[in-house]
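# Understanding the architecture of this molecule
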Amino acid sequence: MTQNHRAAVLDLVESAVDPGTWSSWDEPLGELPADPAYRADLERARERTGLDESVITGEGLIGGRRVALVACEFGFLAGSIGVAAGERLVRAVERATHERLPLLATPASGGTRMQEGTVAFLQMVKVAAAITDHKAAGLPYLVYLRHPTTGGVLASWGSLGHMTAAEPGALIGFLGPRVHEALYGEKFPEGVQTAENLLANGLVDAVLPPEQLHGVASRALSVLARGTNGTGSAAGAEAGTGAAAATKQPAGAAPGFDGPAAARPSPVPAAVASAPPAGESIERSRRADRPSLRALLKLAATEVTPLNGTGAGERDPGLMLALASFGSTPCVVIGHDRGSSRGPRPAPVGPAGLREARRGMRMAAELGLPLVSVIDTAGAALSKEAEEGGLAAEIARCLADLVTLPAPTLCLLLGQGAGGGALALLPADRVLAARHAWLSPLPPEGASAILYRTTERAMEVAARQGVRSADLLANRIVDRIVEEDGGPEAFLRRLGGALGEELSALAAREDAERLASRRTRYRDLGLRRP
């Protein structure tokens, strides 16, 4: 790597640690993707930055204390996270947890890597899960948000810190302004998605320049890191001490990682090849007469008792919370609510709605009731109020809560599944999908705007991203598809029967086995075994 190619992130991490103590943990990646255009994008990014991926990981000393670091290079495909970057992140977090090291994260990212589609989108679940485990082990997690940090990165590991600081003037927001303008034809209000505004609204703890990161982190860790393995040399590998002496595969890491599944072509199952096109499913899911969660509860559930709000003075028309039974199994239901809205954009869920969903999660955990989550959203609320109300942080907390929830969990992908508002309700023991339901990192028009600076190629992008129910089944994101033939009433009754069957099966499983299976499910998403 020449000096001209030196990535800015390397200067940042080296200034954040004591001089001369930075040591990389990164191992060589697997094969490049088969898609020639994406392969060329990666090769250009590697040449431009001198890095092999958008994420670097390693360790150093901060005030003489060993600390693990994970960081993004925005110059590498906008710091986006695909399967390989997600796996690198998770392995570093797991290693830090295994060695009881504090963790400092410094993201600068546009979010999910659109070239890899929905499987890349799901990496945010496993990163959030690893961070949650790290914190549950009593280990500090510090976050320094850099310019810019948006999308799924902000709505997962960027918003889970014990302490969070941000770079002065940094653009920090759930949806980047260019994509917002492409989707809605208007600019996002100025001055909202800035580090200083986040500080004023209590969403970050400090705004500080990079040169102050070392000192602030050192002071914070002197209080937070009392119970960590913070002593020793960061360069002690040759002597058999320090983090570099750890096994290459720490406890809890996924064994046998042979690169992302997208790296090599695989046979297309007949069920995928014969499934309806992505464009058809997206169009059908957006119809005004699409069966809704309310219709499902009315026709296919019993003992339905709607609940209202967070219990702390907030409510959101975009989120429904209820008690109900499917078959013989009582449950707590949370889901996106089309309500009385018409047209392709049901009421979007905002931060209050996600707090209401978390009320349902807590209720299920406290009472040992199964939780059923229902996804049908064109996207989360995108407004000044949503940003300042902590939308991205609430998505991150939903992911962390669902992945670790002790109660049985069942998700139904009923219709549209766009962006973080959908992902927030997805992680579950079992996931069902209606035939014409879909899941994507953004509305297809947004993904097209990122890749091509136009929305005109939306359905082409959706087809490549693997958003259809059949693609989700092939990629182990979904476990079962429910057909929609026979008219709305037959479809809803079929859904109710499937939910009842799945809930009964979940109730028969041992808790420890079920929880371990859930964790493995999301830990392994997107990985190809040798």
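Conventions used here
- Residues numbered from 1 in each chain as written.
- Predicted model: local features only at pLDDT ≥ 70, side-chain atom pairs only at ≥ 80, totals over all residues.
- Heavy atoms only, no water.
- Helix = DSSP H or I, 4+ residues; strand = E, 2+ residues; numbered from the N terminus.
- Buried < 20%, exposed > 50% of the residue type's maximum accessible area, 1.4 Å probe, protein only.
- Contact = heavy atoms within 4.5 Å.
- Areas by Shrake-Rupley, 256 points an atom, 1.4 Å probe, with all protein chains shown as cover.
- pLDDT = per-residue confidence, 0-100.
- Polar contact = N/O pair within 3.5 Å; in protein donor to acceptor, adjacent residues only side chain to side chain.
- Phe/Tyr/Trp six-rings, centres within 6.5 Å; stacked < 30°, edge-to-face > 60°.
- Lys NZ or Arg CZ within 6 Å of the ring centre and 35° of its normal.
- Salt bridge = Lys/Arg side-chain N within 4 Å of Asp/Glu carboxyl O.

### Considerations on the overall build of the protein chain
Helix and strand counts for the protein chain stand at 21 helices and 16 strands. Across the 530 residues in the protein chain, those meeting the buried criterion constitute 57%. Considering only residue pairs separated by 6 or more positions, the protein chain has 77% of its internal contacts joining residues 24 or more positions apart. Accessible surface for the protein chain amounts to roughly 19900 Å². Of this, 53% is attributable to carbon and sulfur atoms.

### Some remarks on the confidence of the model for the protein chain
Low pLDDT marks stretches whose predicted atomic positions should not be read closely. When pLDDT is averaged along the protein chain, the result is 90; 89% of the residues meet or exceed 70. Counting contacts from residues 232-258, a segment whose pLDDT is below 50, to residues more than four positions away or on other chains yields 59 contacts. Note on residues 262-268: pLDDT under 50 across the span, and 12 contacts to partners over four residues away in sequence or across chains.

### Some thoughts on unusual backbone geometry
The linkage connecting His-147 with the following residue, Pro-148, adopts the cis geometry, with an omega of -15°. When you line up the elements, Pro-148 lands in the loop between strand 5 (141-145) and strand 6 (149-150). Positive phi values are uncommon outside glycine, yet Arg-100 reaches one of about 55°. With respect to the element layout, Arg-100 can be found in the loop between helix 3 (83-98) and strand 4 (103-106). Of note in this structure, Arg-476 is not a glycine but carries a positive phi near 65°.

### Considering the environment of Arg-91
Relative to the elements of secondary structure, Arg-91 occurs in helix 3. Put simply, Arg-91 and Thr-57 are 34 residues apart on the chain and 9.2 Å apart in space, counted from C-alpha to C-alpha. In this structure the side chain of Arg-91 is engaged in a polar contact, spanning 2.8 Å, whose partner is the side chain of Glu-87.

### Regarding the packing of aromatic side chains
Each aromatic ring pair is characterised by the separation of its centres together with the angle its planes make. Counting across every chain of the model gives zero aromatic pairs. Taking NZ or CZ as reference, Arg-95 lies 4.2 Å from the ring centre of Trp-25, over its face. Geometry around Tyr-452 places Arg-457 over its ring, the cationic atom sitting 3.7 Å from the centre.

### So, the pattern of salt bridges
This model, assessed by the stated rule, comprises 39 salt bridges. Between Arg-523 and Glu-94 there is a salt bridge, with its nearest N and O atoms 2.8 Å apart. Here Glu-94 lies in helix 3 and Arg-523 lies in helix 21 (residues 511-523), a separation of 429 residues in the sequence. Here Arg-523 falls in the buried class, since its relative accessible area comes to 9%. Here Glu-94 falls in the buried class, since its relative accessible area comes to 12%. Residues Arg-468 and Asp-471 are paired through a salt bridge, measuring 2.8 Å at the closest nitrogen-oxygen approach. The buried category is assigned to Arg-468, whose relative accessible area is 13%. Within the structure, one salt-bridge network assembled from shared partners comprises Glu-314, Arg-355, Arg-358, Glu-394, Arg-397 and Asp-401.

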